[in-house]
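Residues per chain are reported as follows:
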Amino acid sequence: MSKPKGKMPGTPARPSNAKTMNRLDLTRRLLARLGHEEAVIAGIGNTNFDLWAAGQRAQNFYMLGSMGLAFPIALGVAIAQPQRRVVAIEGDGSLLMQLGCLTTIAAQAPRNLTLIVMDNGIYQITGGQPTPAAAVSDIVAIARGCGLSESAWALDEEDFERLVASALSARKPVLIAGRIDDSPGAEGISRDPVQIRERFMRGIGVRTC
Ligand SMILES: Cc1ncc(C[n+]2csc(CCOP(=O)(O)OP(=O)(O)O)c2C)c(N)n1
C-alpha cells in the first residue's frame, strides 16, 4: 500500500517557519496600526483580556461566555457599517468550534473585515488541553478552503504588521493567523456585559445618549 499523502497526525499543522509570538504583543501591534475608529471585536477569554490590556477603546467589544462568536459578531458589524473597518480576534479553539462562520463570511465577502486568529494550539483558559490546530488542522488552509482566499500565516511580528496594514486597505475579507505562546491573558477586564455593549454602541455611533 502506498503511503498516504499530506500531513500525518501529530505533525504540526502550521508552517515550520512560523515564529511563536505573543498575543499581547501582537494585539498592541494591531492597535498601533489603527487610526480610523475601527471596530475591534475580541473573543472569549484571553483574546479579550489582552485587547482590554492593550487599550480600552470605545470601539472595542469584548465577547463574554461563548466560544466562537467574535467572527460572527464582527461580520454583523461589518455588514451594518460598511464604511467602518472591522477587526476580529479569536483563539484557535474558539474558531474551531464555530468554523461555519468562515463559509458565511466568504460568501458575504464584506470588504471591510479582518479576521485574526491567535493560535496557541491549546484551550488555554480551561487548562491547556491541545486543540486540533496543534497537530492536524491548519487554520489558514481551512479558511482558504472555505473561500477566504486572502488568508495567511504571519511568520513573525514584522510579517504580522505588514499583513495587518494590507488587510486594513483590502477590498476582501482577510484572515491572518499567528502562532503564539502560552502566556496567560492579562488580568483586569471589567466583566459587565451591559457596560461593554453600551460603550461599544456609543463607540460605533449607534447609541447617542
Ligand atoms: C460553547 C462553549 N464551550 C466551552 C466553553 C468553555 N471554554 C471557555 S474558553 C475555552 C477555551 C478557549 O480556547 P481558545 O479559543 O483556543 O483560547 P485560549 O484559551 O487558548 O486563549 C473553553 C473550552 C465555553 N465558554 N463555551
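See the structure printed just above.
Sequence positions are assigned chain by chain, starting from 1 and proceeding in written order. Under the rules for a predicted model, residues below a pLDDT of 70 receive no local features and side-chain atom pairs below 80 are neither given nor counted, while totals for whole chains, interfaces and linings still include all residues. The side-chain values count all of the structure's non-hydrogen atoms but skip hydrogen atoms and water molecules.

Enquirer: Would you mind showing me how to read the site of the ligand here?
Expert: The local shell around the ligand holds 16 residues, among which G65, G93, S94, I122 and Q124 are the closest. Polar contact is defined as a pair of N or O atoms within 3.5 Å, subject to the rule that within protein one atom must be able to donate a hydrogen and the other to accept it, and that residues adjacent in sequence are counted only when both atoms are side-chain atoms. At 2.8 Å from an oxygen atom of the ligand is found a main-chain nitrogen or oxygen belonging to G93. In this structure, S94 approaches the ligand through a side-chain N or O atom, which is 2.6 Å from an oxygen atom. Helix and strand definitions follow DSSP, with helices as H or I runs of at least four residues and strands as E runs of at least two, each counted in order from the N terminus. When residues of the shell around the ligand are traced back to their parent elements, those giving at least two are α4 (92–97) and β5 (122–123). Ranked by residue count, the leading element in the shell around the ligand is α4, at 4 residues. Residue polarity is assigned by list, with Asp, Glu, Lys and Arg as charged and Ala, Val, Leu, Ile, Met, Phe, Trp, Tyr, Cys and Pro as nonpolar; anything else, Gly included, falls into the polar class. Classifying every residue of the shell around the ligand gives 6 nonpolar, 8 polar and 2 charged. When we say a residue is near a molecule or strand, we mean one of its heavy atoms is within 4 Å of it.

Enquirer: For this particular structure, what's the right way to read helix α3 (residues 70–80)?
Expert: Given 3.6 residues per turn, any residue in an α-helix points the same way as the ones three and four places further on. Relative accessible area decides the class of each residue, using a 1.4 Å probe on protein chains only: under 20% of the type maximum gives buried, over 50% gives exposed, and in between gives partly exposed. Listed in full, the buried residues belonging to α3 are A70, F71, A74, L75, V77 and A78. Viewed along the axis of α3, the buried residues span an arc of 165°, placing them on a single side of the element. This arc is taken over the directions from the axis of the helix to the C-beta atoms.

Enquirer: Looking at this structure, how should I read the pairing of strand β1 (residues 39–42)?
Expert: On any regular strand, side chains alternate: one points to one face of the sheet, the next to the other face. The alternating pattern of β1 places A39 and I41 on one face and V40 and A42 on the opposite face, and all of these are buried. Here, strands pair whenever DSSP counts at least two bridges between them. Where β1 lies against strand β3 (residues 86–91), 4 bridges are found, and the strand directions are parallel. Of the residues in β3, the one forming a bridge with A39 is V86. Bridging between β1 and strand β2 (residues 60–62) involves 3 bridges; their strand directions are parallel. Note on β2: the bridge partner recorded for A42 is Y62.

Enquirer: Would you explain the side chain of N120 in this entry?
Expert: As for its placement among the helices and strands, N120 is situated in the loop between β4 (113–119) and β5. Among the polar contacts listed, one links the side chain of N120 to the backbone nitrogen of I122, at a separation of 3.1 Å. For N120, the side chain forms a polar contact with the side chain of Q124, separated by 3.0 Å. Leave out the neighbours within four places in its chain, and N120 touches R14, R23, D92, I180 and D181. Every residue pair with non-hydrogen atoms within 4.5 Å of one another is taken to be in contact.

Enquirer: What's the story with the environment of D92 in this structure? I'm lost.
Expert: Mapped onto the elements of the fold, D92 is located in helix α4. Through-space distance from the C-alpha of D92 to that of R179 is 9.5 Å; in sequence the pair is 87 residues apart. Filtering out sequence-adjacent residues up to four positions away, D92 remains in contact with V117, M118, D119, N120, G121, I122, T131, A133 and I139. Only 3.5 Å separates the side chain of D92 from the backbone nitrogen of N120, close enough to count as a polar contact.

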